[in-house]
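Spelled out from the first residue to the last, the chains are:
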Amino acid sequence: MQRAGKGRTPRRPKKPSNIEKDPVGVYCRIRPLGGEDEECCVEMISSSTIQLHAPDGLKANRNGEYKETQYCFKKVFGIKTTQIELFEDVAKTLIEDLIHCKNGLLFTYGVTGSGKTYTMTGSPGEGGLLPRSLDMLFNSIGPFQAKRFVFKPDEKNGIEVQNQLDALLERQKRDSQQSVPKTPSSRQRVDPEFADMINPDQACKFEGVDEDCCYSVFVSYIEIYNNYIYDLLEDAPFDPIRPKPPQSKILREDQNHNMYVAGCTEVEVKSTEEAFDVFWKGQKKRRIANTELNRESSRSHSVFTVKLAQAPLDADGDHILQDKSQVNVSQLCLVDLAGSERTNRTRAEGSRLREAGNINQSLMTLRTCMEVLRENQMCGTNRMVPYRDSKVTHLFKNYFDGEGKVRMVVCVNPKAEDYEETLLVMRFAEMTQEVEVARPVDRPICGLTPGRRQRNQAFKDELSRRLEERGGPVNGDPVQLNQLIESLPPLPPCELSDPSDDQTLPRLMEVLERRYRIRQKMTEQFNQTANNMKFALQQFESQFSSKENVLHDQRSKLGEKDKVIANQRTEIERLEKKSKTLEYKIDILQKTTEMYEQDKRSLQQELESREQRLQKELAERRRMEQRMQGVVTDTKLKWERECERRVNAKQLELQNKLWVKDEKLKQLKAIVTENGGASGGPAEPPRKPERPSRERDRNVAQKRSASPTPLSTVPPVHPMHRRSHSAGGEKWVDHKPASNLDLDTVMQPIIPNAIKVSTPNEKALSKCHRYVLRHQELASDGEIETKLIKGNVFKTRGGGQAVEFTDIETLKQEDPTAPSRKRRSGSGEGPAQTDDIENRPPVANISSSHGYQKRRRP
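Residues numbered from 1 in each chain as written. Predicted model: local features only at pLDDT ≥ 70, side-chain atom pairs only at ≥ 80, totals over all residues. Heavy atoms only, no water.

A word on the overall build of the protein
Test applied: Under the DSSP-based scheme used, a helix requires at least four consecutive residues in state H or I and a strand at least two consecutive residues in state E, with every element numbered from the N terminus. To sort residues, take the accessible area from a 1.4 Å probe on protein chains only and compare it with the maximum for the residue type: under 20% means buried, over 50% means exposed, and anything in between is partly exposed. Throughout, a residue-residue contact means that at least one pair of heavy atoms, one from each residue, lies within 4.5 Å.
Helix and strand counts for the protein stand at 19 helices and 29 strands. Classification of the 858 residues of the protein by burial places 34% in the buried group. Of the contacts made within the protein by residues no fewer than 6 positions apart, 72% connect residues no fewer than 24 positions apart.

Right, here's the structure in full:
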């Protein structure tokens, strides 16, 4: 025997939240009291509400702790409710859904002795939910059932369709094997206890059955005893010497994630009586025991499963489609749960105590699963539902996790002794009503034309009628032949006793002649009738040929229409393919357009960035050109000044040499004159030589030089510029940072009409047109030089102010006592250079940076 292992159901992906759900339908049925003197603790207030009040003894013991409580249900059935009323409200819709390929689960719940088995099974004359469900099912699908063995279980919770030949062989094999227990047949004698369970006047039938389908019903019956599953329909070989206990079954999951009992016997039944017989066969094997509270107490949970297989007929409406994918299987589980009980009341011992413990444990697991399901649905949590803790919950978890209708009938015993157990049952029922189950969806409808079975039957009836009208083929009826022979004249006696008898032969010849004439007449009539028949046949053939021609024309037209339809279908398919191709191309073009747009945006961004970089490079290039022009101008002025200085120095040197020569000549002249005076006259006192002035030297030099002097080629010295370009009439912003040092220099930038600020702001910039920044930095010789960085102020598009720098002036201070860092010229020219520096007029050193002039203090 295999032991059941506890485990947990693995997590599955969540289903989409848009699935419609319905709450579990919970009904309540109140059992009548056993005696009139018994105390009642349950009162029916309305058709949907009951009220529980504690018995008097319990109130006295608990000091009034228990109060009256009310519980609501979908519907409450009182003690006078009949079985047919209960069936119409609870189970009738489940049978209709079963025929419409929808699953259902119906189970009874309550304490022991509350009437669960009676509600499910019933009694003779008062059939319960199970027999009435079977009766309604077979009343609805009876004319449309398939032959036996056309549908066959595949032992994997599925149904296969067999062809007619295989089904015939299965039926012949079943009939030939007499020793093997056969499937119960409706021809056998039914158990008398179930013969009159349902009154024929109370029979129900569903009118919405699809007539173009074939149906077949399979039933199975199992019980869950001590958390083990046993097959109640299994035919185990009986060994009187060493009887073997029944083998338990295991649960498995099919390809659609539905749980089923592996190896369970499924019996195909064709009538209500046959299904009753199968049920009674399993009911005899169910474990029932006598306890203190119930004479026939169920010690196990029983599950009677009705599985309905249906498949559509073919296009001719004669045979079932041999396609497993077109087979729809739906099932209805009718469950009779064992009642919960307290061992102190039942006084159970031994095996009864173990059975009660397993029953209570399975029911407790059912309550736990319902509580977790309600919490997950109401609070949005994802707790694991412990289905595997019990075989009952593990078998029916498909109905709570999947789809289908779930109905529960709570049976209540109103006697006071069951108050506490009834209170727990009411709480569980109230909690179960808050659990929602996915609403079953309609199965896809077969694409064949409806009404196929009816048209096929009408065709068969018309064919048989026409055959009867024509009389059918004549195969020489002996009765008609005897009548024809008797209609001829009888032959006279033909015995010749005397050779001279001349009466017998003439008489015989006369009779034969008459017979011959009658035969000729009959032949003529026959020929005439044959001719008439031939004429009628010819007319019939002509009519038939005309009908055939018309039919041929109609068929040709129909063929043309079929061709047109086929062409149109081909055109539609071509257009659909073309549409799909165009949609695919449109998608590709859209994606390509998006890619091109992205590339366009990226290229535009790159173009803008490159334009910005180009503008920056052009601005930098313009600034570099201006700077180079300034450098060229400064260099040009520098070399012009240097050439002028060198020319002046050379001229001064030549003048000095000329002056020296003149002095020597004068001295020589004086000596000569003195010598001549000594010889001829008084000598003049010598004159002190005078150094010629520069103007005289220049004039002498100009007089001496026949060609134009280099001074004429040297450009004149530029006139002195203003000390600052900032001295104009425009309004300036004079930015002098607080970190600048005050230099005690004579030359200071003075800017009239200037707004002096230490930090520039938009208010000051908006009032001025020019901007100057006083920047101090350390020069290469260790002195501090001041740079005046100037610019124009203009408005931006955003409404702000911006500055464009245009000029830089440099103010530098030098120490004359500091040794010069420039390289001196040769020692021979030292005195000449000193004299030149001392005698020449002072010239301001002017330099320029970035194309603008700068002043330097001498």
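As for the packing of helix α2 (residues 83-90) against helix α3 (residues 92-99)
Basically, it comes down to this: What counts as an axis is a line fitted to C-alpha atoms, over the stretch in contact for a helix, and the angles between N-to-C directions run from 0 to 180 degrees. The labels follow the angle: roughly parallel below 35 degrees, roughly antiparallel above 145, roughly perpendicular from 65 to 115, and oblique for the rest. Any residue that is not Ala, Val, Leu, Ile, Met, Phe, Trp, Tyr, Cys, Pro, Asp, Glu, Lys or Arg is counted as polar, Gly included; the first ten are nonpolar and the last four charged.
Packing of α2 against α3 leaves a shortest axis separation of 4 Å and a crossing angle of 45°. One way to sum up the angle between α2 and α3 is to call them oblique. Here F87, E88 and V90 of α2 come into contact with α3, specifically with K92, T93 and L94. Looking at the contact of α2 with α3 residue by residue, the class counts come to 3 nonpolar, 1 polar and 2 charged.

What about the sheet that holds strand β5 (residues 69-72)?
This is how the line gets drawn: Strand pairing is assigned whenever DSSP identifies at least 2 bridges connecting the two strands.
Read across the open sheet, the 3 strands follow the order β3-β4-β5; overall the sheet is antiparallel. This sheet does not close on itself; its edge strands, each paired only once, are β3 (42-44) and β5. Sheet twist, expressed as the mean angle between neighbouring strand axes with direction ignored, is 25°.

What about unusual backbone geometry?
Unlike most non-glycine residues, F149 shows phi in positive territory, near 75°. Mapped onto the fold, F149 is located in the loop between α5 (129-141) and β10 (151-153). Of note, the phi angle at H257 is positive, near 65°, even though the residue is not glycine. Inspection of the secondary structure assignment puts H257 in the loop between β14 (251-253) and β15 (259-261).

Notes on the environment of E207
Relative to the helices and strands, E207 is located in the loop between α6 (164-176) and β12 (213-225). Along the sequence, E207 and S140 sit 67 residues apart, while their C-alpha atoms lie 6.8 Å from each other.

Comments concerning the sheet that holds strand β24 (residues 754-757)
One open sheet holds the 5 strands; their spatial order is β24-β23-β25-β26-β27, and the pairing between them is mixed. The open sheet is flanked by β24 and β27 (801-812), the only strands paired with a single partner. The average angle at which neighbouring strand axes cross in this sheet is 25°, direction not considered.

Overview of a negative patch on the surface
The cut-off we apply is this: Patches here are clusters of residues that have more than 30% relative accessible area and form no salt bridge, with a 9 Å joining cutoff for like charges and a 5 Å cutoff for nonpolar side chains (Val, Leu, Ile, Met, Phe, Trp, Tyr). Using a 1.4 Å probe, accessible areas were evaluated by the Shrake-Rupley method; residue-level cover was limited to the displayed protein chains. Any carboxyl oxygen of Asp or Glu that lies within 4 Å of a side-chain nitrogen of Lys or Arg is treated as forming a salt bridge with it. Here Asp and Glu are counted as negative and Lys and Arg as positive; His is not counted, and neither are the chain ends. For the purpose of locating charges, the reference atoms are NZ of Lys, CZ of Arg, CG of Asp and CD of Glu.
On the surface, a cluster of negative charge is made up of E36, D37, E38, E39, D56 and E417. Structurally, E417 is set in the loop between β21 (405-412) and α12 (419-432).

Structural notes on helix α7 (residues 272-283)
Heads up, the condition is: In this analysis, the expected span of each helix is defined as 1.5 Å times one less than the number of residues it contains. Think of a polar contact as two N or O atoms within 3.5 Å of one another; within protein, one of them needs to be a possible hydrogen donor and the other a possible acceptor, and neighboring residues in sequence only count if both atoms come from side chains.
The end-to-end C-alpha separation of α7 is 16 Å, in line with the 16 Å expected for 12 residues at 1.5 Å each. Along α7, 9 of the 12 residues are buried, which leaves the element largely enclosed by surrounding structure. For α7, the full list of buried residues reads T272, E274, A275, F276, V278, F279, W280, G282 and Q283. Buried residues belonging to α7 abut α5, β12, β16 (267-269) and β19 (301-312). The N-capping residue of α7, defined by a side-chain oxygen 3.3 Å from the backbone nitrogen of E274, is S271.

As for the pattern of salt bridges
For the structure shown, the criterion picks out 25 salt bridges. Taking the shortest distance from any N to any O, the salt bridge between D97 and K405 comes out at 3.1 Å. Placement of the pair is D97 in helix α3 and K405 in strand β21, with a sequence separation of 308 residues. With a closest N to O distance of 3.0 Å, K270 and E268 form a salt bridge.

Here we look at the state of the cysteines
Rules: A pair of cysteine sulfur atoms is labelled a disulfide when the two atoms are within 2.5 Å.
Taken as a whole and judged by the stated rule, the model has 0 disulfides. Its sulfur unpaired, C28 is 8.1 Å from the next cysteine sulfur, which belongs to C411.

Points about the side chain of R132
Within the element layout of this structure, R132 appears in helix α5. Although R132 is buried, it forms no salt bridge, and the closest oppositely charged side chain is E126 at an N-O distance of 4.6 Å. Discounting residues that sit within four places of it in the chain, R132 has contacts with Q83, I84, F87, E126, G127, I198 and Q202.

Digging into the nonpolar core
Definition in use: Take the buried residues of types Ala, Val, Leu, Ile, Met, Phe, Trp, Tyr and Cys, join any two whose side-chain atoms come within 4.5 Å, and each joined set is a nonpolar core.
The biggest cluster of nonpolar side chains holds 55 residues, and the ones touching the most others in it are I50, F73, F396 and M426. Contact partners of F73, with chain neighbours within four places excluded, come to V26, Y27, C28, S48, I50, M426, A429 and Q433. The next biggest cluster of nonpolar side chains, apart from the first, holds 46 residues, and it includes L106, V267, L332 and C411.

Things to note about the packing of α3 against α5
Our working rule: Note on convention: the crossing is left-handed when the near helix lies turned anticlockwise from the far helix by less than a right angle, right-handed when the turn is clockwise.
Put simply, α3 and α5 touch, their axes get as near as 10 Å, and they point 40° apart. Our classification of the angle between α3 and α5 gives oblique. Between α3 and α5 lies a crossing whose hand is right-handed. Contacts from K92, I95, E96, L98 and I99 of α3 reach α5 at S133, M136, L137, S140 and I141.

Some details on the pairing of strand β13 (residues 228-231)
Side chains of β13 alternate between two faces, with Y228 and Y230 and I229 and D231 buried alike. When β12 meets β13, the two strands line up antiparallel, connected through 4 bridges. By the bridge assignment, Y225 is partnered in β13 with Y228. From the end of β12 to the start of β13, which pair antiparallel, there are 2 residues, and N226 there has a positive phi angle of about 55°.

Regarding the packing of aromatic side chains
Note the threshold: The aromatic pairing rule takes the rings of Phe, Tyr and Trp, using the six-membered ring of Trp, and pairs them if the centres are within 6.5 Å, calling planes under 30 degrees apart stacked, those over 60 edge-to-face and the rest tilted. Charges are assigned to positions over rings by a cutoff of 6 Å between ring centre and Lys NZ or Arg CZ, combined with an angular limit of 35 degrees from the ring normal.
Going through the model one piece at a time under the given rule, you end up with 7 aromatic pairs. Seen from their ring centres, Y109 and F428 are 4.7 Å apart, and the 45° between their planes marks the pair as tilted. Taken together, the residues Y109 in strand β7 (residues 104-110) and F428 in helix α12 connect sequence positions 319 residues apart. Considering the side-chain rings of Y771 and F805, the 6.0 Å spacing of their centres and the 65° angle between planes classify their relative orientation as edge-to-face. With Y771 in strand β25 (residues 770-778) and F805 in strand β27, this pair connects stretches of sequence that are 34 residues apart. Every member of this aromatic cluster is reached through a ring pair, and the members are Y221, F279 and F304. Seen from the ring of F428, R367 lies directly overhead, with NZ or CZ sitting 5.9 Å from the centre.

Focus on a nonpolar patch on the surface
Residues L665, L668 and V672 make up a contiguous nonpolar surface patch of about 290 Å² in total accessible area. Overall, the relative accessible area of 54% leaves L665 in the exposed class.

Section: the environment of M747
Note that M747 resides in the loop between β23 (732-735) and β24. Looking at M747, the relative accessible area reads 27%, which means it is partly exposed. M747 sits 66 residues away from Q813 along the chain, and the two C-alpha atoms are 9.7 Å apart.

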